[in-house]
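Observations on the three-dimensional arrangement
Below are the chains, spelled out letter by letter.
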Amino acid sequence: MRPLTEREIRASFINCSKGEAKRAGVPRDLPDQPWDDLDFLGWRDPGAPERAYLVAERDGALVGVALRVTSGAARGFTARSMCSFCLTTHTNGGVALMSARRTGEAGRQGNSVGQYLCADLACSLYLRGGKEAAGGGVIDESLTLEDKLARTRTNLYAFLDKVAAKPE
Ligand SMILES: [Zn+2]
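The text that follows walks through the structure, step by step, so that each part is easy to find. As the structure is a prediction and not an experimental result, all values here were calculated from the model. (Residues numbered from 1 in each chain as written. Predicted model: local features only at pLDDT ≥ 70, side-chain atom pairs only at ≥ 80, totals over all residues. Heavy atoms only, no water.)

1. Let's talk about the coordination of the zinc ion
Distances from the zinc ion to its protein donors, namely Cys83 (SG), Cys86 (SG), Cys118 (SG) and Cys123 (SG), fall within the range 2.3 Å. In this structure, the zinc ion is coordinated by four donor atoms arranged in tetrahedral fashion, with angles at the metal of 101 to 119 degrees. Judged by its relative accessible area of 1%, cysteine 86 is buried. For cysteine 123, a relative accessible area of 0% translates into the label buried. (Donors = N, O, S within 2.8 Å, 3.2 Å for Na, K, Ca; no water. Tetrahedral: all angles 85-135°; square planar, octahedral: opposite > 155°, others 65-115°. Buried < 20%, exposed > 50% of the residue type's maximum accessible area, 1.4 Å probe, protein only.)

Next up, the structure:
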C-alpha cells in the first residue's frame, strides 16, 4: 500500500470518536514501515496494549478501524490458533481476539464484531515470509502468494463490511 501520514491515519477511523482518533497511539516509525509489503497497516497501541488499529485502502479510500484486544488465545500452551485474515497459525498468544465497535446506531447500542487475528496484525509479513510465526506458520497449501494475498484481502474486506454494516 502507499505510505500513510499520521494525519491521514487519524482521519481514516470509521468506528471511533474524533477524540479517540486523536488520542490513538500511531506508530512513530511510519516512514520506516515496509509499505510495499503491506496489504494493510495494523498495529498495537504502544501506550495502551489492549488497543489495536488497522488501516486499509479500499477503492482508493482509507478505512481505519479501532480494535479492542479482548483476550490472548489462552487455550493451553501448545494450542494453535489461526488468524482469520491471513490463516497463519500461531501458538502462545500469537493470535488474539480483537473486537471492533460497529459504526452508527449499532455501535452506539454496544454492538461489536470480533475476530481472531495475528496479535501483532502483521498478516502481510507472515504471508510474504518477512516474519515467522512462533510454533505455527502459514498452512501448507498449493496456493500462490498472489492467491493468498487476494484471500486475505477478501477476509479483511468482509470484516470491514461487518463493522460498517447498515442496520437491517
Ligand atoms: Zn494474520
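From this point on, the discussion continues.
2. Focus on unusual backbone geometry
In this structure, aspartate 59 takes a positive phi of about 50 degrees despite not being glycine. Of note, aspartate 59 is situated in the loop between strand S2 (51-58) and strand S3 (61-72). Even without being a glycine, leucine 87 presents a positive backbone phi close to 65 degrees. Relative to the helices and strands, leucine 87 is located in the loop between strand S4 (81-82) and strand S5 (88-90). (Helix = DSSP H or I, 4+ residues; strand = E, 2+ residues; numbered from the N terminus.)

3. Overview of the packing of aromatic side chains
Summed over all chains, the structure comprises four aromatic pairs. Ring centres of phenylalanine 85 and phenylalanine 159 lie 5.6 Å apart, and the angle between their planes is 65 degrees; on these two criteria the pair is classed as edge-to-face. Separated by 74 residues along the polypeptide, phenylalanine 85 in the loop between S4 and S5 and phenylalanine 159 in helix H5 (residues 145-163) bring together distant segments of the chain. For the pair shown, phenylalanine 85 and phenylalanine 159 are each scored as buried. The lysine or arginine in question, arginine 58, covers the ring of tyrosine 157, its NZ or CZ lying 4.3 Å from the ring centre. (Phe/Tyr/Trp six-rings, centres within 6.5 Å; stacked < 30°, edge-to-face > 60°. Lys NZ or Arg CZ within 6 Å of the ring centre and 35° of its normal.)

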